Amino acid sequence: MSSKSVKKIGLLSMVFLCLNGMVGSGLFLLPGQVAAVAGNWGLAIYIMVALIVMSLGWCYVQCASRFSRNGGAYLYAKEAFGDFIGFEIGLMRWVVGMIAWASLTVGFILALGTLYPQVMVAPLKQILIVGMIAGLGLVNIFGANAIKKINDVITITKAVILFIFLAAGIFYIDPQHINVIEESFPIDKLGVASLIIFFGFTGFEALTIVAAEMENPKKNIPLAMMLGIVFCSVLYFVVQLICMGVLGDNLAHSASPIAAVAEVLGGEWGKLLVSLGMLISIGGVIVVSSFITPHSCQALAEDHTIFLKFVRQNSFGAPYGAIIISTVLVCAIALSGSFMELVTISVISRFAQHIVTCLALFSMEKSGVMQPFSRPWKRAIPVFAIASILWLLTNAEPYHIIYGLGALVVGVPLYFVQKWLDVKPSEIILTNLVPEV
């Protein structure tokens, strides 16, 4: 038996991948929306949401440190609660990934349209959408190393632009604009503001889905994920602070706050630079999504016959079947054009996998897969995370919850179909992957 020698993704690139999964359109769009809902108290709510995300990240870290396979929440759910729950979470994670990839691509074209309105004219708009999706699908065919190089370049470029913005903006803050003494805490808007801010952190768990592509995943994924969450939390807080300090009351009415701040600091050239940074940031999230999504399908294929053909890999170690089917479906979703609805649905859908991952800790502790919690605070963290997600769900629109969790309903008949077709997939996978001598 021979094995393919595929270069794994190192720790630094893993941190970049985690950051690119989070720092995207939310960084450029959230400050104005948060200010409109919560005023200057938005800074305090950022800290609260960051603590929620860190608690969720801690739960993922505990699970990730025990597995080196692709799958993430799907793998944890399967280990803790069996095939059915695992299949449901795995299928939904794949669907959510495709919706996110599609909506982000449409969002990128919309953002590009603010600079070049002609790209919004049909059929050029549709051609660009399909071209971007198909192009990234093709890049993924060449394996993780190709995506790693693109991801690293995008992250470094994005970081340089953001550093210029932060370094310049911090000196233009007017302390009077961030005074909260005269404002009452918006308790009635707390849930809505938290849900808006949480959108900016979506994707923090992406590394766990592609664990098999990483170097020393049991050690490096937890470190990279927590570094990414902490860095992103600080970045969002400082950006919100600068936007508040520079724009004041105008922030709540700004559709593109960072671009507005850049225009104050550097005129049209400053605005153009930040607009370029916005496109690069959204593009970075799309690159991460295009890499993660096919591997969600691959993880299902490794355990379930119905997806078996998608598990085969090419000479670059890429699951080409999963990449092709994901790319085709994402094109179809993106051409539906419902950008805002797709974004909201993808966020709500992630909550199910977060809750199951937190619950999996207790199940795996009971079954002996992981060591018992040695301190009461370790048991309190997943309880806090679950309660926080349930609270956030109460602030979502009912129809968004129904659509967001709809993949769970679709998964029920599909699960039983695959059980009927099941013919020991692990044996077939070995037959397909082991070359003849």
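Residues numbered from 1 in each chain as written. Predicted model: local features only at pLDDT ≥ 70, side-chain atom pairs only at ≥ 80, totals over all residues. Heavy atoms only, no water.

Enquirer: How should the packing of helix 5 (residues 83-115) against helix 12 (residues 320-334) be read in this particular structure?
Expert: Describing two packed helices takes the angle between their axes plus the distance from one axis to the other. Direction vectors running N to C along helix 5 and helix 12 enclose 55°, while the axes themselves pass 9 Å from each other. When the axes of helix 5 and helix 12 are compared, the pair comes out oblique. For the pair helix 5 and helix 12, the crossing hand works out as right-handed. Facing Trp94, Met98, Ile99, Trp101, Ala102 and Val106 of helix 5, the residues of helix 12 in contact are Ile325, Ser326, Thr327, Leu329, Val330, Ile333 and Ala334. (Axes fitted to C-alpha atoms, helices over the stretch in contact; angles between N-to-C directions. Helix = DSSP H or I, 4+ residues; strand = E, 2+ residues; numbered from the N terminus. Parallel < 35°, antiparallel > 145°, perpendicular 65-115°, else oblique. Left-handed = near helix turned anticlockwise from the far one by under 90°. Contact = heavy atoms within 4.5 Å.)

Enquirer: Help me understand helix 1 (residues 11-22), please; the structure alone is not making it clear to me.
Expert: Note: α-helices contain 3.6 residues per turn, so residues at a spacing of three or four share the same orientation. Taking 1.5 Å of rise per residue, 12 residues should cover 16 Å, and helix 1 covers 17 Å from first to last C-alpha, within 8% of that figure. Burial runs high along helix 1: 10 of the 12 residues are buried. The complete set of buried residues in helix 1 reads Ser13, Met14, Val15, Phe16, Leu17, Cys18, Leu19, Asn20, Gly21 and Met22. (Expected span 1.5 Å × (residues − 1). Buried < 20%, exposed > 50% of the residue type's maximum accessible area, 1.4 Å probe, protein only.)

Enquirer: Explain the nonpolar core here, please?
Expert: Within soluble globular proteins, side chains that are nonpolar generally end up buried alongside one another. Core analysis: the biggest nonpolar cluster contains 130 residues, and Leu27, Phe198, Phe201 and Phe351 have the highest contact counts within it. Ranked by the residues each element gives to this core, the list is headed by helix 11 (residues 257-301), at 18 residues. (Core = buried A, V, L, I, M, F, W, Y, C linked by side-chain atoms within 4.5 Å.)

Enquirer: What is the right way to look at the environment of isoleucine 389 in this model?
Expert: The residue isoleucine 389 is located in helix 14 (residues 376-393) in this model. A relative accessible area of 0% means that isoleucine 389 is categorised as buried. Taking the C-alpha atoms as reference points, isoleucine 389 and alanine 352, 37 residues apart in sequence, are found 8.9 Å from one another.

Enquirer: What exactly am I supposed to notice about a nonpolar patch on the surface here?
Expert: Judged by side-chain polarity, Ile156, Val160, Phe163, Ile164, Leu273 and Leu276 come together as a nonpolar surface patch covering roughly 550 Å² of accessible area. Among the elements of the structure, helix 7 (144-169) and helix 11 are those that each provide at least two residues to the nonpolar patch. Ranked by residues supplied to the nonpolar patch, first place goes to helix 7 with four residues. As for its position among the elements, leucine 273 is in helix 11. (Patch = residues over 30% accessible without salt bridge, like charges linked within 9 Å, V, L, I, M, F, W, Y side chains within 5 Å. Areas by Shrake-Rupley, 256 points an atom, 1.4 Å probe, with all protein chains shown as cover. Salt bridge = Lys/Arg side-chain N within 4 Å of Asp/Glu carboxyl O.)

Enquirer: Mind showing me how you'd approach the packing of aromatic side chains here?
Expert: When we look at a pair of aromatic rings, we describe it by the centre distance and by the angle of the planes. For the structure on display, the rule yields eight aromatic pairs. Both rings, one in tryptophan 58 and one in tryptophan 377, keep their centres 6.3 Å apart while their planes meet at 55°; by these two values the pair is tilted. A residue pair is termed long-range when its members are at least 10 positions apart, and tryptophan 58 in helix 3 (residues 42-64) and tryptophan 377 in helix 14 qualify at 319 residues. Chaining the aromatic ring pairs together yields one cluster made of Tyr60, Phe67, Tyr76 and Phe204. (Phe/Tyr/Trp six-rings, centres within 6.5 Å; stacked < 30°, edge-to-face > 60°.)

Enquirer: Explanation requested: the environment of valine 239 in the structure shown.
Expert: Mapping valine 239 onto the fold places it in helix 10 (residues 217-247). Residues valine 239 and phenylalanine 28, spaced 211 residues apart in sequence, show a C-alpha to C-alpha distance of 9.0 Å. Discounting residues that sit within four places of it in the chain, valine 239 has contacts with Leu27, Pro31, Phe165, Leu166 and Ile258.

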